[in-house]
Amino acid sequence: MTTATIPAPTVTPLSLAAAYTGHTMTPLALGAAFIAYRNAHGISQQELARRLKMTAGTLHHLESLVRDLTPDLQAHLEAGRLTFKEARSIADIHDYDRQ
C-alpha cells in the first residue's frame, strides 16, 4: 500500500472514494484526508459518508486513527506492525496511557 496523497486542489468526493476503494492511501492518510475535506467544506461525517457511499462508522474509524491514536501507535500502523482493525479498536480508548 502506498502513502499517496491527493493534491489539495483536486480533492473531491470522487477522488476520496477512489482512494478508499482503490487502497491507494494508508488508513491514516485517508483519515487525515477525510478530516481535511470535511473541515474545508463544513460537512458532517454522515454527509461525507453518504457522498462517498460508505458507512459513517467506517469513516469515523478512519478519522479516529488521526484524532485519537497516539503518535507511537500511528507510527506502528504506518509501518505495518499494527493492523487497521487493531488500531481502530485501540483508538476507541481515549486515554493515551491505556493505549
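Right above here is the structure, for reference.
For every chain, the first residue of its written sequence is number 1, and the numbers climb from 1 along that sequence. Whole-chain, interface and lining totals are the exception, using all residues; otherwise, since this is a predicted model, local features are given only for residues with pLDDT of at least 70 and side-chain atom pairs are given and counted only at 80 or more. Each side-chain value is derived from all of the structure's non-hydrogen atoms; neither hydrogens nor water enter the calculation.

Draft legend 1. Layout of the overall build of the chain. Helix and strand labels come from DSSP, where a helix needs a run of H or I of at least four residues and a strand needs a run of E of at least two; each type is numbered from the N terminus. In terms of helices and strands, the chain carries six helices and zero strands. Buried residues are those whose accessible area, probed at 1.4 Å on protein chains only, stays under 20% of the maximum for their type, while exposed residues exceed 50% and partly exposed ones sit between those limits. A buried classification covers 36% of the 99 residues belonging to the chain. Residues count as neighbours in contact if any of their non-hydrogen atoms are within 4.5 Å of one another. Within the chain, counting contacts between residues at least 6 apart in sequence, those at least 24 apart form 44% of the total. Carbon and sulfur atoms make up 57% of the accessible area of the chain, which totals about 5800 Å². Each accessible area value is a Shrake-Rupley result obtained with a 1.4 Å probe; residue values ignore everything except the protein chains displayed when judging cover.

Draft legend 2. How the structure looks around the side chain of Gln 45. The residue Gln 45 is located in helix α3 (residues 45-52) in this model. Ignoring any residue separated from it by four or fewer positions in sequence, one finds Gln 45 in contact with Arg 38, Leu 59, His 60, Glu 63 and Arg 67.

Draft legend 3. Geometry of helix α2 (residues 27-41). Counted at 1.5 Å a residue, the expected span for α2 with its 15 residues is 21 Å, and the 21 Å between its end C-alpha atoms agrees. Within the sequence span of α2, burial applies to Pro 27, Leu 28, Ala 29, Leu 30, Gly 31, Ala 33, Phe 34, Ile 35, Tyr 37 and Arg 38. On its buried face, α2 is in contact with α1 (13-22), α3, α4 (56-68), α5 (71-79) and α6 (84-91). Just downstream of α2 lies Gly 42, where phi reads positive at about 60 degrees. Multiplying 1.5 Å by the helix residue count minus one yields the expected span of that helix.

Draft legend 4. Quick look at the nonpolar core. Core analysis: the biggest nonpolar cluster contains 24 residues, and Phe 34, Leu 48 and Leu 52 have the highest contact counts within it. In terms of residue count, α2 provides more of this core than any other element does, six residues in total. Ignoring sequence-local partners within four residues, the contact set of Leu 48 consists of Leu 16, Phe 34, Tyr 37, Arg 38, Ile 43 and Leu 59. Buried Ala, Val, Leu, Ile, Met, Phe, Trp, Tyr and Cys residues that are joined via side-chain atoms within 4.5 Å together make up what is termed a nonpolar core.

Draft legend 5. Summary view of the side chain of Arg 38. In this fold, Arg 38 is placed in helix α2. Residue class for Arg 38 comes out buried when judged on its relative accessible area of 16%. There is a polar contact of 3.0 Å between the side chain of Arg 38 and the backbone oxygen of Ile 43. Residues within four places of Arg 38 in sequence aside, it is in contact with Ile 43, Ser 44, Gln 45, Leu 48, Leu 59 and Glu 63. Two N or O atoms count as a polar contact when they lie within 3.5 Å, although within protein this holds only if one can serve as hydrogen donor and the other as acceptor, and sequence-adjacent residues are included solely when both atoms are side-chain atoms.

Draft legend 6. Spotlight on the packing of α3 against α4. Only the stretch in contact is used when a helix axis is fitted, and all axes are lines through C-alpha atoms; the angle between N-to-C directions ranges over 0 to 180 degrees. Where α3 meets α4, the closest approach of the two axes is 9 Å, and the angle between their N-to-C directions is 120 degrees. Comparing their axes, α4 and α3 come out oblique. In this structure, the crossing between α3 and α4 has a hand that is right-handed. On α4, the residues touching Gln 45, Gln 46, Leu 48, Ala 49 and Leu 52 of α3 are Ala 56, Leu 59, His 60, Glu 63 and Arg 67. Tallied by class, residues from the contact of α3 with α4 come to five nonpolar, three polar and two charged. Roughly parallel means an angle under 35 degrees; roughly antiparallel means over 145; roughly perpendicular covers 65 to 115; every other angle is labelled oblique. Here a crossing is taken to be left-handed if its near helix is turned anticlockwise relative to the far helix by less than a right angle, and right-handed if that turn runs clockwise. In this count, Pro and Cys sit with the nonpolar residues alongside Ala, Val, Leu, Ile, Met, Phe, Trp and Tyr, while Asp, Glu, Lys and Arg are called charged and the others, Gly among them, polar.

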